[in-house]
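# Remarks on the overall topology
If you want the building blocks of each chain, they are given just below.
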Protein chains: 6
Amino acid sequence: MLTSMPLIEYADASPEIRAVYDDIMATRGVDWINNFWKALANDPATLRRTWESIKQIMAPGALDPLTKELIYVAVSVTNNCDYCLHSHTASAVTKGMTDAMFGELMAVVALANGNNRLANGYAIEVDERFRTPLAR
Amino acid sequence: MLTSMPLIEYADASPEIRAVYDDIMATRGVDWINNFWKALANDPATLRRTWESIKQIMAPGALDPLTKELIYVAVSVTNNCDYCLHSHTASAVTKGMTDAMFGELMAVVALANGNNRLANGYAIEVDERFRTPLAR
Amino acid sequence: MLTSMPLIEYADASPEIRAVYDDIMATRGVDWINNFWKALANDPATLRRTWESIKQIMAPGALDPLTKELIYVAVSVTNNCDYCLHSHTASAVTKGMTDAMFGELMAVVALANGNNRLANGYAIEVDERFRTPLAR
Amino acid sequence: MLTSMPLIEYADASPEIRAVYDDIMATRGVDWINNFWKALANDPATLRRTWESIKQIMAPGALDPLTKELIYVAVSVTNNCDYCLHSHTASAVTKGMTDAMFGELMAVVALANGNNRLANGYAIEVDERFRTPLAR
Amino acid sequence: MLTSMPLIEYADASPEIRAVYDDIMATRGVDWINNFWKALANDPATLRRTWESIKQIMAPGALDPLTKELIYVAVSVTNNCDYCLHSHTASAVTKGMTDAMFGELMAVVALANGNNRLANGYAIEVDERFRTPLAR
Amino acid sequence: MLTSMPLIEYADASPEIRAVYDDIMATRGVDWINNFWKALANDPATLRRTWESIKQIMAPGALDPLTKELIYVAVSVTNNCDYCLHSHTASAVTKGMTDAMFGELMAVVALANGNNRLANGYAIEVDERFRTPLAR
């Protein structure tokens, strides 16, 4: 870790930062803040914007919260983001992900990453019918 | 496209390739083969192995087929695989993806790709509680 | 293409650029320049440095030129660089790549891209014996 | 590591998992199992499918086993998969990779990763002759 | 393009979408909307959130707007996002990027992409002094 | 770390390697060598070529050295190269990067990584005016 970019604890936080921390804990129903937010707090504008975005995007909508966490983990595994893998796997478990679901999630992620390269390498043209309105 | 690596049509396919094509059409309940398989048919071993894998992995299990397609699209968008985006978006629509679901899928994918880099760039250590058995 | 960043043809090139073009053609035993170099010629320092690097690195050494082209294609497919895929697949064919080799190359690239994500997602620790001197 | 996703040792494995472990050891002529397989064993279907794929793809064919390992390492380095880098570098050494070969492998991988971005950034069009059948 | 995900023109836009379009044009001092926003308008929540983020982040601050565009282009080239490359290269030109700056930008991007892989492949440990407070 | 690929200290280096080390220290005005170079020294040709490239590319030009470091960090964060992040963040600090600049750099990098995927996923066509000469 860049030791000059410290994790900012609640006790040391400005009122502006505490307001975000309070909203995170209230929204999630927890009494602690994970390191992601303590690091972003070094830049309060990024802390607030990132929290507002995640709060809005990960809320229940056309997709349920567990499905959203699975998608988030799929991206994080593809990009090899260790922090995000751990934090969002934990979130997914909280929202109901079983070991069997995790296994299938990993299988799909590996399959897609492999097949993406087969499509790249064989330079395959998109089928016309995948481009037409009737396809969606 | 690499013009010396032709798409192999059913009429021109060997019995070995036709057997895979037949299984694809029967499994999916369609009467046509998309370009991905016609290109892989240049290497029958890869054609067969890739089909057997996708058939096994994308089947209903602990995760339903639509959720698997969403995960597949999330990976393909992250890797910028245009062919896979189009073919699996079409599959997702067939399995029930609405425009609202697509919009939320894209929003989660963009969010995760951005936040993965915040975690990388701030070099954030994984919280101890995300590593414990109780976290899952 | 960025139309204000034109491809610089031999006839329009400065002596500095022509010297690089001449060396490319002499080294490769061809009488034409591909678009990659004509684009880089907009920045002569990058043109020269990139050519000197590729000339040195892709020359026969502990690895033969065909193996080096296969490695180059593997990276380009992983990154989805369409230009590089086409130009280096063509080079690989010139150096002896058969269709069967191309098929196996794609199979290994897809496998590795998938398995990389399984290793990421399961967060697998490196075996101690892979870290010891005897392992290499 | 996700501590609730344990490494499954041979002594604790089901007959289904042991059958795969036995085949891995017999095929490779070793008496131990590396962590990759012990982690995948949490999902026996993925364990079996992944092993069958790697066994088929990495076997001698139009490309020799060492060349395949070099390609695998090239992909793993490009994707920054630390586990895969270590395990497949060890495999490559077993199959004859020298330090000089490793050095040239790394040089080609770095070159291609850089040049891929020059081609992207200058938005270079693929030369017509790279698209014709005669090019391959 | 997914033809069922149309570009939404100003004339066909809802008041909610028009409000964002109006702010984009006013902020940028232009009288047209580029395709990125017309596509995102299919999901008004994403349109608004994305615009608010980019408006906030790309504004003058500790870094000037041109430097921010150069950074944006560097990321887009690394990820091979063709749309983003073209739109943000155009923005950078508007803000003062010369051809010489573009050439150096590409050179740094290529260098970093290559050297990232040398650091990965040689599995180089971070120097202690890069981790100390004095280093920053 | 691959323990059989040792870091080569100045005291153990050949004259050829020492010449590069000396030039690194003289150019940078420091009295020590960081691990990147000590690892590359295992392949003297790569050591020399990489140093010559970085010395040429990162020198003041149309872009100032700090801007170049910011671009380098942006790429390294996008690729999740931990070594490069730490070494070039340290360099950027030496050249004047403040905490506020670092915060904005991270914000732009995250934004671009997210928006790259929105452009991919919505499969947005490049606006004609971004392709015309007048756009640059």
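Thresholds applied
- Numbering of residues starts from 1 in every chain and runs along the sequence as written.
- Ligands are numbered from 1 and chains lettered from A, in the order in which they are written.
- The model is predicted, so local features are restricted to residues of pLDDT at least 70 and side-chain atom pairs to those at 80 or more, both for listing and for counting; the totals for chains, interfaces and linings are taken over all residues.
- Note: side-chain values were computed over all heavy atoms of the structure, leaving out hydrogens and water.
- Numbering of helices and strands starts at the N terminus; helices are DSSP runs of H or I of at least 4 residues and strands are runs of E of at least 2.
- Values of the radius of gyration come from C-alpha atoms, whereas the globule rule sets the reference at 2.2 Å times the count of residues to the power 0.38.
- Relative accessibility decides the category of a residue: with a 1.4 Å probe and only protein chains considered, values under 20% of the type maximum give buried, values over 50% give exposed, and everything between is partly exposed.
- Between two residues, a contact is recorded if the distance between any of their heavy atoms is within 4.5 Å.
- We treat Lys and Arg as the positive residues and Asp and Glu as the negative residues; His and chain ends play no part in the count.
- Charge positions are represented by NZ for Lys, CZ for Arg, CG for Asp and CD for Glu.
- Superposition of the copies used a least-squares fit over C-alpha atoms from residues whose pLDDT is at least 70 in both.
- Two parts placed together each lose some accessible area under a 1.4 Å probe, and the buried area is that loss summed for both.
- When a carboxyl oxygen of Asp or Glu lies within 4 Å of a side-chain nitrogen of Lys or Arg, that pair is called a salt bridge.
- Polar contact is defined as a pair of N or O atoms within 3.5 Å, subject to the rule that within protein one atom must be able to donate a hydrogen and the other to accept it, and that residues adjacent in sequence are counted only when both atoms are side-chain atoms.
- For this classification, Asp, Glu, Lys and Arg are treated as charged, while Ala, Val, Leu, Ile, Met, Phe, Trp, Tyr, Cys and Pro are nonpolar and the rest, including Gly, are polar.
- In this analysis an axis means a line fitted to C-alpha atoms, helices contributing only their contacting stretch, and an angle means the value between N-to-C directions, from 0 to 180 degrees.
- Oblique is the label for every angle not falling under 35 degrees (roughly parallel), over 145 degrees (roughly antiparallel), or within 65 to 115 degrees (roughly perpendicular).
- Two helices that cross are described as forming a left-handed crossing if the nearer one is turned anticlockwise from the farther one by less than a right angle, and a right-handed crossing if clockwise.
- For Phe, Tyr and Trp, rings pair up if their centres lie within 6.5 Å, where Trp contributes its six-membered ring, and each pair is then called stacked (planes under 30 degrees apart), edge-to-face (over 60) or tilted (otherwise).
- Throughout this description, the term charge over a ring refers to an Arg CZ or Lys NZ atom that lies within 6 Å of the ring centre and within 35 degrees of the ring normal.
- Every helix has an expected span of 1.5 Å times one less than the residues it contains.

## A word on the overall build of chain A
Within chain A one finds 7 helices and 0 strands. Here chain A has a C-alpha radius of gyration of 19 Å; the compact-globule value for 136 residues is 14 Å, and the former is much larger. Summarising its shape, the C-alpha atoms of chain A cover approximately 60 × 35 × 35 Å along the three principal directions. Sorting the 136 residues of chain A into buried and exposed places 62% on the buried side. Of the contacts made within chain A by residues no fewer than 6 positions apart, 45% connect residues no fewer than 24 positions apart. For chain A, the separation between the mean place of its 12 positive charges and that of its 16 negative charges on side chains is 5 Å.

## What about unusual backbone geometry?
Phi is positive for N80 of chain A, which is not a glycine, with a value near 60°. Counting through the fold element by element, N80 of chain A comes out in the loop between helix 4 (65-78) and helix 5 (82-94).

## Structural notes on the relation of the copies chain B and chain A
It takes a turn of 180° to lay chain B on chain A, together with a shift of 0.0 Å along the axis; the resulting RMSD is 0.0 Å. Taken together, the rotation and translation describe the operation of a two-fold axis. With an isologous cut-off of 70% or more, the 99% of interface residues of chain B that recur at the interface of chain A puts this contact in the isologous class.

## Looking at the interface of chain B and chain A
With 71 residues of chain B at the contact, the number on the chain A side is 70 residues. Between chain B and chain A, roughly 6400 Å² of surface is buried when both sides are summed, and carbon and sulfur atoms account for 70% of that area. Counting the contacts that link chain B with chain A gives 3 salt bridges. For the pair chain B and chain A, the interface holds 20 residue pairs in polar contact (both at pLDDT 80 or more). Mapped onto the side of chain B that touches chain A, the elements with two or more residues apiece are helix 2 (35-40), helix 3 (44-57), helix 4 (65-78), helix 5 (82-94) and helix 6 (99-121) of chain B. Here the side of chain B that touches chain A is built from residues that sort into 41 nonpolar, 19 polar and 11 charged.

## Comments concerning the environment of Y122 of chain E
With respect to the helices and strands, Y122 of chain E occurs in the segment after helix 6 (99-121). Expressed as a C-alpha distance, the spacing of Y122 of chain E and A74 of chain E, which sit 48 residues apart in the sequence, is 24 Å.

## Some points on the packing of helix 4 of chain B against helix 6 of chain B
All names here are of chain B. Viewed as axis vectors pointing N to C, helix 4 and helix 6 meet at an angle of 45°, and their least axial separation amounts to 10 Å. Taken together, the axes of helix 4 and helix 6 lie oblique to each other. Crossing hand, helix 4 versus helix 6: right-handed. Of the residues in helix 6, those touching helix 4 at L66, L70, V73, A74, V77 and T78 are M101, L105, M106, V109 and N113. Residue composition of the contact of helix 4 with helix 6, by class: 9 nonpolar, 2 polar and no charged.

## Some details on the interface of chain A and chain C
Interface size is commonly expressed as the accessible area that is lost once the parts come together. With 18 residues of chain A at the interface, the matching set in chain C holds 18 residues. Interface area for chain A against chain C, summed over the two sides, is near 1500 Å², with a carbon-plus-sulfur share of 64%. Per-residue buried area on chain A facing chain C is highest for R117, N120 and G121 of chain A; these three make up 32% of the total on that side. Viewed at the interface, chain C and chain A are joined by 0 salt bridges. Those elements that place two or more of their residues in the side of chain A that touches chain C are helix 4, helix 5 and helix 6 (99-121) of chain A. Ranked by the residues each element gives to the side of chain A that touches chain C, the list is headed by helix 6 of chain A, at 11 residues. Among the residues forming the side of chain A that touches chain C, the class breakdown is 9 nonpolar, 8 polar and 1 charged.

## Side note on the packing of aromatic side chains
Two measures describe an aromatic ring pair: the distance that separates the ring centres and the angle between the ring planes. Across all of its chains, the model carries 42 aromatic pairs over all chains by this definition. Considering the side-chain rings of F130 of chain E and Y83 of chain F, the 6.4 Å spacing of their centres and the 75° angle between planes classify their relative orientation as edge-to-face. Pair noted here: F130 of chain E is in the segment after helix 6 and Y83 of chain F is in helix 5 (residues 82-94), and the two residues belong to different chains. Here the aromatic cluster, defined as three or more aromatic residues joined through ring pairs, consists of W32, F36, W37, W51 and Y83 of chain A together with F130 of chain B. When the ring centre of W32 of chain B is taken as reference, the NZ or CZ atom of R129 of chain A above it lies at 3.6 Å.

## Brief notes about the packing of helix 1 (residues 15-28) of chain D against helix 3 (residues 44-57) of chain D
Helices that pack against each other are described as a pair by the angle of their axes relative to one another and the distance between those axes. Residue and element names in this part refer to chain D. With their axes 10 Å apart at the nearest point, helix 1 and helix 3 run at an angle of 20° to one another. Comparing their axes, helix 3 and helix 1 come out roughly parallel. Helix 3 is crossed by helix 1, and the crossing has left-handed handedness. Taking contact as the criterion, the partners of E16, I17, A19, V20, Y21, D23, I24, T27 and R28 in helix 1 are, on helix 3, P44, L47, R48, W51, I54 and K55.

## Focus: the relation of the copies chain A and chain C
Here chain A sits on chain C after a turn of 180° about the axis and a move of 0.0 Å along it, with an RMSD of 0.0 Å. When you check the interface residues of chain A against chain C, 100% turn up at the interface there too, and the contact is symmetric in its surfaces.

## Quick notes on the pattern of salt bridges
Residues and elements named next belong to chain E. Here the structure, examined in full by the defined rule, presents 34 salt bridges over all chains. The shortest N-O distance in the salt bridge between E9 and K38 comes to 3.1 Å. Here K38 lies in helix 2 (residues 35-40) and E9 lies in the segment before helix 1 (15-28), a separation of 29 residues in the sequence. For K38, a relative accessible area of 13% gives the class buried.

## Some thoughts on helix 6 (residues 99-121) of chain F
Residues and elements named next belong to chain F. With 23 residues, helix 6 extends 33 Å between its outermost C-alpha atoms, agreeing within 8% with the 33 Å of an ideal straight helix rising 1.5 Å per residue. With 21 of its 23 residues buried, helix 6 lies for the most part within the structure. Remark: A123 follows helix 6 within two positions and exhibits a positive phi of approximately 50°.

## Some points on the environment of A119 of chain A
Structurally, A119 of chain A can be placed in helix 6. Separated by 45 residues in sequence, A119 of chain A and A74 of chain A have C-alpha atoms that sit 19 Å apart. Residues contacting A119 of chain A, with those up to four places away along its chain left out, are I124 of chain A together with F36, C81, Y83 and C84 of chain B.

## Quick look at the side chain of E104 of chain A
Relative to the assigned elements, E104 of chain A resides in helix 6. Reaching out from E104 of chain A, the side chain makes a polar contact with the backbone nitrogen of L63 of chain B at a distance of 3.0 Å.

## Brief notes about the side chain of T67 of chain F
Among the structural elements, T67 of chain F can be located in helix 4 (residues 65-78). The contact partners of T67 of chain F, leaving out residues within four places of it in the chain, are T67 and L70 of chain E.

## Some remarks on the environment of I54 of chain B
The residue I54 of chain B is located in helix 3 in this model. Ignoring sequence-local partners within four residues, the contact set of I54 of chain B consists of L111 and N115 of chain A together with R28, W37, Y72 and H88 of chain B.

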